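Okay, here's what each chain looks like letter by letter:
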Amino acid sequence: MNAEPFARGQSGRIRLHVLPTKKFKTYAIVLYAGVPLSEAEITRVALIPFVLGRGTASFPETLALREKLDSMYGAHFGYDVGKRGDHQVVQFRLDVINDRFVSSNTPLLREALALLGEVLTAPALEDGRFVARYVESEKKTVAQKLDAIINDKIRYAEKRCLEEMFRGEPYRLPALGRKEDLDGIDATSLHETYRRWLRNAAFDLYVVGDTCLEKVTTLVQGAFRLPDGPPGTYAPSLPRQAPPEPRTVEERLDVTQGKLNIGLRTPVTYAGPDYPALLVYNGLLGGFPHAKLFVNVREKASLAYYASSRLDGHKGVIMIQTGIEIANYAKALGIIREQLEAMRRGDFTEDDLAKTKEMLANQLTALQDNPFERIWFDFNASVAGAEHTAEELLAKVRAVAPDDVARVAQTVGLDTVYFLRDRKEETVHAGA
Amino acid sequence: MPALEYPRLEETLHHERLDNGLDVFVLPKPGFTKTFAVLATRFGSADNRFRLADGREFAVPDGLAHFLEHKMFEEPDGDVFARFAANGASANAYTGFDQTVYLFSATRNVDRCLDILLDFVQSPYFTDANVEKEKGIIIQEIHMYRDNPDWRVYFGLLEALYHRHPVRIDIAGTPESVSSITKELLYECHRMFYHPSNMHLFVVGGVDPERTLETVRANQARKRFDPPAVFERVPADEPENAKEPMRQATLAVAMPKCYVGFKETDVALVGERAIRRDLVARIVLDALFSRSSPVYQDMYDEHLVFDSFGAQFTSGPGYAFSVIGGDTRDPGEMARRVTEAMERTAERGLDADVFERIRRKKIGAHLRLWNSPEAVAGEFVRFRHRGGDLFRVVELYESLTLEEANGWLRAHVHPSHRAVSVVRGDAS
């Protein structure tokens, strides 16, 4: 079951990746635009897609743009700002129905690419700069999103733990940047940032659906008006070592449940030869319901509803997360540290190893059925400079030996223990 | 095995009802590597009162269906997740108001995984010790949701809208109700609600339909089932008006969250009529409140709401309601504007061209769903439980009329059927 490969091409500064397939009822389109993370620019860059989404030269009014998307059989348009290693990556997504399934008079792929090209390269302007009212409005939206991180305590605890781990680096910041920066941004300065960003960003355009590279190349040439130059590139990030002793950070909020996040570091990253072993390590530790964290923290000790670990292969970071009764903090931390020790000793069964590989195989195989996951996987590999397909990575995962996992486990160091807890005890102290 | 062709969707559905009453559906997706199977029972958090054949009434504690879902994963020889993992499959389950759904996704060993799925859901194993242990886990799950403002504002609305209907009860129950659950009660509920004739199996993905059906037939032929339990659901005696106009809660949030909801009074609809009403409601709510609506855009431009704002319509046996809202700096003002927009449109009617545009958008969104076997499986069983057919949604959308839409909105917007739920940060 070899998956069809992406056909690669180029149109000016945009790298093109097209996967011709009749498997789906849609065309999935993603444009990635990445720049190195910069303390000074992060908030401005984050704001760009929000303003671009408000209007284009042909549809300067937001409502008209959205009505246009509706009339394209509900073309789904979205954008997102994220971090990939030491890059800030803006992602635009368009999902449109293949015309075959609807009685449409206009070819929807052509319309979709034309619209995406216009959103990116021909925004609505007034007096040669961004529309001030859109900039002001989207500043408020970004501020609200930054504020709202605290609403979801699981996400908030993860964000805080990362902040502590990456003190002094731009990576500590959320991809949307800093609320304090927003005040200093106006339509003129943001438009300047945008024009610089267009000149510098690395652009990758993906299309998955019933089409081909030649067709997409032709459509893109007419639709995107980018400055000339060679395509931009991504530099892999350099992982840091964990300190000899982990830092412990405790924070208090009005919560019922405590959130324990533990940040781990490893020098092994996505493009390295030990990455397949690291994937298996994370799977055994906390990637699945048969993993050590789920079994020991939840099933055996009954301490939590969720207990898992997640790997960021770009930064060499593993984040453990669990939600516990506040009084059980020491107990939970003790059990988790025991699991890390067990991994270092290579203390896991052949059977657990086999299961973990099967589960990773399931994930790597299943992503072929989802156009956006295929795009996501290919882009992640290319950002990291790892030239593997999902099948090639899977073959390497299958070849991982117990010793490989133990060797990787030796490199994993405990960096930060973050605990979000209630205010109760604090109130008692204050009153005493 | 009859095959139903849906040429417009380019899909073919295979269906068979086994002798024991289990409904089996197979949707082959040529070229897909993944197979997704869901086994669903018509027993959810809102099914809590029954009348048995002997006239006795049988009531279950809040959170029982969800507790049962958790406990099904435990077997004498260990955990079900591990058996799926050995076959490279990932398993999960969820409990809704009207159903409990067990599922797996696999890229290999589909026949073996089907056996595991059918076997673990059909063979309960509860002990006093494993039931006690689960209480700790579920209470943590309840605490997790209590800290979640989206969950709180949603259930706050249902508590305000409904007097007695069990849809107002938190799906996981409360620490107290969960503590009262025993293994005897779990066995009893399993016997009543997990009979094959109360369940559907839906398999979608890269499978051969005949082979899949043969696996299921052989699995079921190996098992003996008691005759199905005879019971009927006791409908909640639910008044038409909302219980109270407003609910408020305090939580650590950056900005208030507010939902406005209207309770539907015509809750007896079943089958395609219920589905049709749901689709009408979705078109109207989308026309009024989606990102391409002037009402949303005006509120957004005034920074009254943000892109978390949205509207949805939910229905099931004995309940149906709309929910409109999101983060807002001023809950009172947002609720006023939402209500005013609905009342104004109910009076004047939707524009014909807006109706057409949203209809088209909804058809596109529905077609996109068919890309995702998971989504198709989840929606299929949901529709099936209502007596509807997911495969007919495009045709239904095409047959809807503007008059129907306007008629629905006029009946839906009624001041005494409205409630508002607000979650605020601690002001002190």
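What you are looking at is a predicted structure, and each value in this text was computed from that prediction instead of being measured.

Enquirer: How should the overall build of chain B be read in this particular structure?
Expert: Regarding its fold elements, chain B presents 15 helices and 17 strands. Rg of the C-alpha trace for chain B: 23 Å, near the compact-globule value of 22 Å for 428 residues, within the 12% margin. With respect to the three principal axes, the spread of C-alpha positions in chain B is 60 × 55 × 45 Å. Of the contacts formed within chain B by residues at least 6 apart in sequence, a portion of 79% connects residues at least 24 apart. Only carbon and sulfur atoms are counted for the fraction: they give 50% of the accessible area of chain B, which is about 16,100 Å². If the 53 positive side-chain charges of chain B are averaged to one point and the 65 negative ones to another, these points end up 1 Å apart.

Enquirer: Where do I start with the overall build of chain A in this structure?
Expert: Each helix and strand in chain A was counted, giving 16 helices and 13 strands. On C-alpha atoms alone, chain A measures out to a radius of gyration of 23 Å, which is about the 22 Å that the 2.2 N^0.38 rule sets for 432 residues. Along the three orthogonal principal directions, the C-alpha set of chain A runs to about 60 × 60 × 40 Å. For chain A, the share of sequence-separated contacts (at least 6 apart) that also reach a separation of at least 24 residues comes to 82%. With the model as given, the accessible surface of chain A reaches about 16,600 Å², and the carbon-plus-sulfur share is 51%. In chain A, 56 positive and 58 negative side-chain charges are present, and the distance between their average locations comes to 1 Å.

Enquirer: Is there a simple way to think about the domain arrangement of chain B in this case?
Expert: Buried accessible area, meaning the area lost when the parts come together, often serves as the stated size of an interface. Residues and elements named next belong to chain B. Partitioning chain B into domains gives domain 1 (3–233) and domain 2 (246–424). Taking only C-alpha atoms, the centre of domain 1 and the centre of domain 2 are 27 Å apart. In total, about 3,700 Å² of surface goes out of reach between domain 1 and domain 2, with carbon and sulfur atoms giving 70% of it. When the buried surface of domain 1 facing domain 2 is broken down by residue, Val153, Leu157 and Leu161 rank first, second and third, together holding 16% of it. Linking domain 1 to domain 2 there are 5 salt bridges. Between Arg8 and Glu398 there is a salt bridge, with its nearest N and O atoms 3.0 Å apart. Counting every contact that joins domain 1 to domain 2 gives 13 residue pairs in polar contact (both at pLDDT 80 or more). Breaking the side of domain 1 that touches domain 2 down by element, the ones donating at least two residues are β2 (11–17), β3 (23–28), β4 (35–41), α5 (149–161) and β11 (199–205). Of all the elements, α5 adds the most residues to the side of domain 1 that touches domain 2, at 11 residues. In terms of residue class, the side of domain 1 that touches domain 2 is made up of 22 nonpolar, 7 polar and 14 charged.

Enquirer: How should the interface of chain B and chain A be read in this particular structure?
Expert: Listed as interface residues are 64 residues of chain B and, on the opposing side, 63 residues of chain A. Between chain B and chain A, a total of about 5,600 Å² is buried, with carbon and sulfur atoms accounting for 53% of that surface. Joining chain B to chain A, the criterion identifies 11 salt bridges. Here Arg54(A) makes a salt bridge to Asp301(B), at a shortest N to O gap of 3.0 Å. Remark: the boundary between chain B and chain A carries 33 residue pairs in polar contact (both at pLDDT 80 or more). Looking at the side of chain B that touches chain A, the elements with two or more residues in it are α2 (80–86), β10 (100–106), α4 (128–146), α10 (294–301) and α12 (352–369) of chain B. Its residues placed into classes, the side of chain B that touches chain A shows 24 nonpolar, 17 polar and 23 charged.

Enquirer: Just to check I follow, could you spell out the packing of helix α9 (residues 271–289) of chain B against α12(B) for this structure?
Expert: Residues and elements named next belong to chain B. Remark: α9 packs on α12, axes separated minimally by 9 Å, with the N-to-C direction vectors making an angle of 115 degrees. Here α9 lies roughly perpendicular to α12, going by the angle between them. Crossing of α9 against α12: the hand is right-handed. Across the interface between the two elements, Arg282, Ile283, Asp286 and Ala287 of α9 pack against Val354, Phe355, Ile358, Arg359, Lys361 and Lys362 of α12.

Calculation criteria
- Residues numbered from 1 in each chain as written.
- Chains lettered and ligands numbered in written order.
- Predicted model: local features only at pLDDT ≥ 70, side-chain atom pairs only at ≥ 80, totals over all residues.
- Heavy atoms only, no water.
- Helix = DSSP H or I, 4+ residues; strand = E, 2+ residues; numbered from the N terminus.
- Rg over C-alpha atoms; globule rule 2.2 N^0.38 Å.
- Contact = heavy atoms within 4.5 Å.
- Areas by Shrake-Rupley, 256 points an atom, 1.4 Å probe, with all protein chains shown as cover.
- Lys, Arg positive; Asp, Glu negative; His and termini not counted.
- Charge placed at Lys NZ, Arg CZ, Asp CG, Glu CD.
- Domains from an automatic or database assignment.
- Buried area = accessible area lost by both parts, 1.4 Å probe.
- Salt bridge = Lys/Arg side-chain N within 4 Å of Asp/Glu carboxyl O.
- Polar contact = N/O pair within 3.5 Å; in protein donor to acceptor, adjacent residues only side chain to side chain.
- Nonpolar A, V, L, I, M, F, W, Y, C, P; charged D, E, K, R; others polar.
- Axes fitted to C-alpha atoms, helices over the stretch in contact; angles between N-to-C directions.
- Parallel < 35°, antiparallel > 145°, perpendicular 65-115°, else oblique.
- Left-handed = near helix turned anticlockwise from the far one by under 90°.

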